[in-house]
Structures are given as structure tokens and as C-alpha cells.
Amino acid sequence: MADLLFPHIDKTPEYYEGKYPQRQLPEGAKVTRVAPSPTGFIHMGALYAAVIPERMAHQSGGVFFLRIEDTDKKREIEGGVSEIVKSFAHYELKFDEGMTGETTEKGIYGPYKQSERKEIYQTFAKMLIEKGLAYPCFCSEEDLNEIRAKQEELKQNPGYYGQYAKHRNATFDEIKSELDKGTGFVLRLKSPGKPENRIVIDDLIKGEVEMPENDQDIVLLKSDGIPTYHFAHAIDDHLMRTTHVIRGDEWLSSAPIHVQLFEILGWEKPRYAHVPPVLKMEGTSKRKLSKRKDPEAAVSYYSEQGFPVESVREYLLNLINSNYEEWRMENPTDQNTEFIVDLSKMGTSGALFDLVKLTDISKDRIALMSANKVYDLALQWAQQFDIELAEQMRNNEAYTRAILGIERGGDKPRKDIAKWSDVKGYLGYFYDNWFEEYTKEGYEFPENLPNSDVLEVLEAYKNTYNKADDKDTWFERAKTAAEGLGFARDAKTYKKDKESFKGHIGDFMSVIRVAISGRKNTPDLYELLDIMGEERLQARFEKAIKSI
RNA sequence: GGCCCAUUGGUCAAGUGGUUAAGACACCGCCCUUUCACGGCGGCUACAGGGGUUCGAACCCCCUAUGGGUCACCA
């Protein structure tokens, strides 16, 4: 009968067992994979779920590979594989084997695209038929609907099993006659399971989960000869010698099927780890991040916003193991790959994706980067997403690098930038042409000072500033100048006796700050003045004076 | 509905029979201060509910509630 169903299959399971030998890896090395369908962009949830197996493999000296599960041609999109490869590469997930492009791959356990593995699946399917563990089912969709309707009526479990498995015990002649008629068929598993038997899945994340044994005669091969997920999973992960199947927890409930498949095939089972989904807040309740409903969950969104890859990885690691944060505090400058991910420390219930936390983590990361690194990464981003900024940065390279170095590198670095799209707002006023634009409507000098005082301050300071001063000298000089115009040297003095002063040093500085930057808040004024250079300062002072 | 999983502050979460129930983010206040940012200090707010077991329960058991997943020739 096997030959009748699959006459073209001439290889044997042994052939493939030989072709894909056991991997020679050190003790404890894990072989893991990520196996997405090419159905669209990669979203945060998928990235999250991919980081885990990647870490498990690489931190154990094992192998991590990318397999494409394209057995559903209806849902596939064009360029889907490239999109996946590109997204994972961008987030520094390094695959040792698997797809490297739409049609290219590396590794000796391939093909890594399921649609290319039809013969392999059918070889094993043929064997199962020979052993009486699988059989063709000729039911039409209508037949199946009928069965389900009946089951619903009787309040029984829906599905194709036991007494409802119409073709389970068909004779050779019955099958042959259907085949001769040209009736299409799917290949079903002849499940030996009984639901009253309980099995235990020892899940690396969820712990021991007890479930009823599978008794469904699930579809192994669809009518087009392509396998379902279940069958492909068993065949592929066995032949590719996967040791740890780490996947979304939506698979947990079909794990009994998978366990059964491995048992029937006589293979050693992989360890399983079912990772909880990343959630999103919707109204007052949480729900799983959805590719279809949440376009903002696409990883490309975070690239466009300019969150550094490092920050996103950092945040994800933080969700994976909450002790990551502790580790990071102790090892602020280590690569995040130094952290050891521990599956048993993972939360079992699914975490909300928190943009605020990502932002905070990202600020910390960027604060620790050198000015040059910030420049390079920001420019790289700008070239793709903000051409104007990129030009500005390139045209004023040394200047920009200096600006980015303000208050950087010390014990208390600034944290103004969480993502590259913040850069423009942070330093835009340094560039003269943008400064012109920003101050078109005039300046916002401190409200408590009359224009005459503002003018006085500007006139006085224009000639006071000396680029050669070190910071203390500079500040002293400013204080003295302020005092000369009737300002208090410090805020405390002013508070004690407000009547005697026009304001305090803060007000004085504020005037200067607004005049040269067009805004009330800036990084340290001393550094700012220093970087801008005397020529630019004089020009800006003149401009401000004229505006009053 | 069946089967599974989950439920500690607004969020991420430590915690596995005896804790003043950590920490981080957010928020609020104060301090530092040339503004901002940083930093420091302090505050806010939590064991879903009910029964057991126990000298003692966030931790163990049962029930309920809520949320999630899954029950396809989709993955």
C-alpha cells in the first residue's frame, strides 16, 4: 500500500539518518532553532522568542539555525524569507546554519526550507504506512464538517479519532478503489493514544505539565503532499539534530502530538521550552502582541525610531530574565552576550511590552557610549531616516562630534537621547541654519526681566566671555559680571533679600543661554560656549541684541 | 464547552512555610545646581477572592473569579 501511495519515493529513512549524522558537539551544547513562516514582517514577540534559543545555543557552545516553515503556501508573502533574514541579522542574531536569503542557505543539515524537503517527509510517511502507523483518509471537507456537527450535538470532543476515524481501518481494496477513482487524500496518523492516559511534558520554562495523551488521527501530510507543522517538526528537528525546541507557548497544547510522533518514530525526544508571549495593553486588558493588529510591534518600527540594536536586545534580555538588570548594574560595560540566560528563571506568564522601560534602558546604554560611537550610529540612522540631519552632521562633522561629547564620559553622563530620532531635537540649534529657523519668531527671555536688563546682560557678557578661561574662571567671571549689573552671585543670596537684586546668577545665565541657543534648557553652558566658538557666539549675541 | 497555562504595587518583577514582602521603571516631593539632564534622599502603591492543611502561608491543597492559549488539510 505504501508503494501505491508514494510510488516515486525511492529513498529510505536509513538514507537520511546517514545523510544527517549526529552532531559532534561538546557535552551540554544545545542545538536550537527558530522556525518562522514567511508570512510578513518580524515583530517584537518573534524577536523576543528568537533571542532565547539563540542564547541557549551560543552560551552552551552549540548550534543555532534558521529554518523556514513555508508549508502553507496560501499565507506566504513575497520576499518573506529575506525579510526574516534581514530583521534577525539587524538584531545581531547570528545563525550558524539555515537560510541566508530568499533561496540561499548554509549548513549540511538542509534544505532548511520545508518546501524543499517534500521527499524527506514522504519517505518517513511511507515508512509509517508500511508499519501500519499511518493511513490515507479520503474525507472531504463536508465529511469532516458532518463529523464535527455530530460531535457537537453529542457534546463530544471534536476531531478525527476513534470511532469517528472513518478511514482508519479501510482495507487495501477500499483504498485502492478510492485511489483509482482519483479521490484526493490526506495522510493521517493512526494514533495509538488514549485520552484517559496522562502524559507529562517536562517543560524547561513551565515545569511539569500533565496532559491527556493524544488520540487524534492528525493529518501528517496534506492533500498536496506537504506536511503539517506537527509532522514537519518531528522530522526536521530529528534530522537536524535539534536538542532543544524553544517556541511560543501556543504550541504547548499540541505538545502531546509531538511527543507521540517522536515515540512512534522511535526517536529521542528533544527537550521543550514554551515561551510565554509578549503582551500589549489594550484598554484595560492585556493581549498577545499581534502581527496583524499591531503594526507598531514590527521590529522595523524600532529601527525607524532609531532605538539602538543594543538597547532593544537589552530590553528583551531584561524581559527574559529579570535578574539581567542586576547583572547589568554589576557589569555596566560588558557585552550583553556575556549574561547567561537561564530558562528556569523566566516568567511563565507573559510580559507587557513597555516602551517607557525600553526608553529608560536605551538612555542608559547611549549615555555610556563614546561621542564617536553616538555620532556614527546616529549618522547611520539619519542616512536612512532623516537625510537633512545626516547632511547637517556630515557637513559639520568635528563640530557635531564635539557637541555629542558634552558632559559625556564622566560619572554622571547626560541621558537626553533614548533613540536616534531624539538627536535632532537635542542638538539642532547648534547648526546655524536651523538656529535661524528656530529663532525666527524671536526669543523667550526670562519673563521676570525687563528688556532693558536683558539688553544690558547681553552687551556686558559679549565682551566678558573669554574662550581661554577654564570652567571655574569662566564661572567666576560670569558671576562678577552679573554682580556688576545688580544680580546676586548665587540663588541663596537672592532668596534672602530679593528686593536688593534684579535676579540671581541663574537669571543672568538664562539670558545668555536663550540668546545663543534659542532655548531655556541646554547642556552645560561652559562647554556649549566653548564648542560654538567665538565667531559664532558673537554673531548670535549680535542677533539677539538686534531682536530686542 | 473540553484540555492546558497563568494571577505579588500603574509596569517588569524578587520571593519556593517564619521577610519590616527586595529591586528597577513610572509618578510625586525634597536636596544638589548656571537651566536641563544626571545624581542623592524620601514617598506612593501589591500577594485576585474564598475555604482548608499548619503553631505559622504570597509560597502546599481545593473551589471560585479573571486573563491567556489551544481544540484546522495555519503555523
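*Asks:* Sorry if this is basic, but what is going on with the sheet that holds strand E4 (residues 105-106) here?
*Replies:* A sheet is described by the order of its strands in space; here 4 strands give the open sequence E1-E2-E3-E4, paired in mixed fashion. Lying at the two open borders of the sheet, with one neighbouring strand each, are strand E1 (31-34) and E4. Where E1 lies against strand E2 (residues 63-66), 4 bridges are found, and the strand directions are parallel. Following the sheet pairing, Val 34 is matched in E2 by Leu 66. On top of the sheet, helix H4 (residues 80-90) reaches E1, E2 and strand E3 (97-99); it is set at about 145° to E2, its chief contact.

*Asks:* For this particular structure, what's the right way to read the protein's contact with RNA strand B?
*Replies:* Neighbouring RNA strand B are 56 residues; Lys 222, Glu 325, Lys 357, Arg 414 and Asp 524 lie closest to it. In RNA strand B, the atoms that sit within 4 Å of the protein are 72% sugar and phosphate, with bases accounting for the remainder. For RNA strand B, a base oxygen lies 3.0 Å from a polar atom in the side chain of Arg 513. Within the backbone of Thr 522, an N or O atom sits 2.6 Å from a base nitrogen of RNA strand B. For the surface near RNA strand B, the elements supplying multiple residues, two or more each, are strand E6 (186-189), strand E8 (207-212), strand E14 (351-352), helix H13 (355-368), helix H20 (471-484) and helix H22 (505-517). For the surface near RNA strand B, the residue count by class is 21 nonpolar, 10 polar and 25 charged.

*Asks:* Sorry, what's going on with the pattern of salt bridges here?
*Replies:* Between side chains of opposite charge, a pair can form as their charged atoms come close. This model, assessed by the stated rule, comprises 50 salt bridges. Between Asp 432 and Arg 540 there is a salt bridge, and its shortest N-O distance comes to 2.8 Å. Placement of Asp 432 in helix H18 (residues 432-438) and of Arg 540 in helix H24 (residues 534-547) is noted, with a sequence separation of 108 residues between them. Asp 432 gets classed as partly exposed once you look at its relative accessible area, which sits at 36%.

Rules used throughout
Residues numbered from 1 in each chain as written. Chains lettered and ligands numbered in written order. Predicted model: local features only at pLDDT ≥ 70, side-chain atom pairs only at ≥ 80, totals over all residues. Heavy atoms only, no water. Pairing = 2+ DSSP bridges. Helix = DSSP H or I, 4+ residues; strand = E, 2+ residues; numbered from the N terminus. Contact = heavy atoms within 4.5 Å. Axes fitted to C-alpha atoms, helices over the stretch in contact; angles between N-to-C directions. Near = heavy atom within 4 Å. Polar contact = N/O pair within 3.5 Å; in protein donor to acceptor, adjacent residues only side chain to side chain. Nonpolar A, V, L, I, M, F, W, Y, C, P; charged D, E, K, R; others polar. Salt bridge = Lys/Arg side-chain N within 4 Å of Asp/Glu carboxyl O. Buried < 20%, exposed > 50% of the residue type's maximum accessible area, 1.4 Å probe, protein only.

These results come straight from atomic positions and should not be treated as a statement about function.
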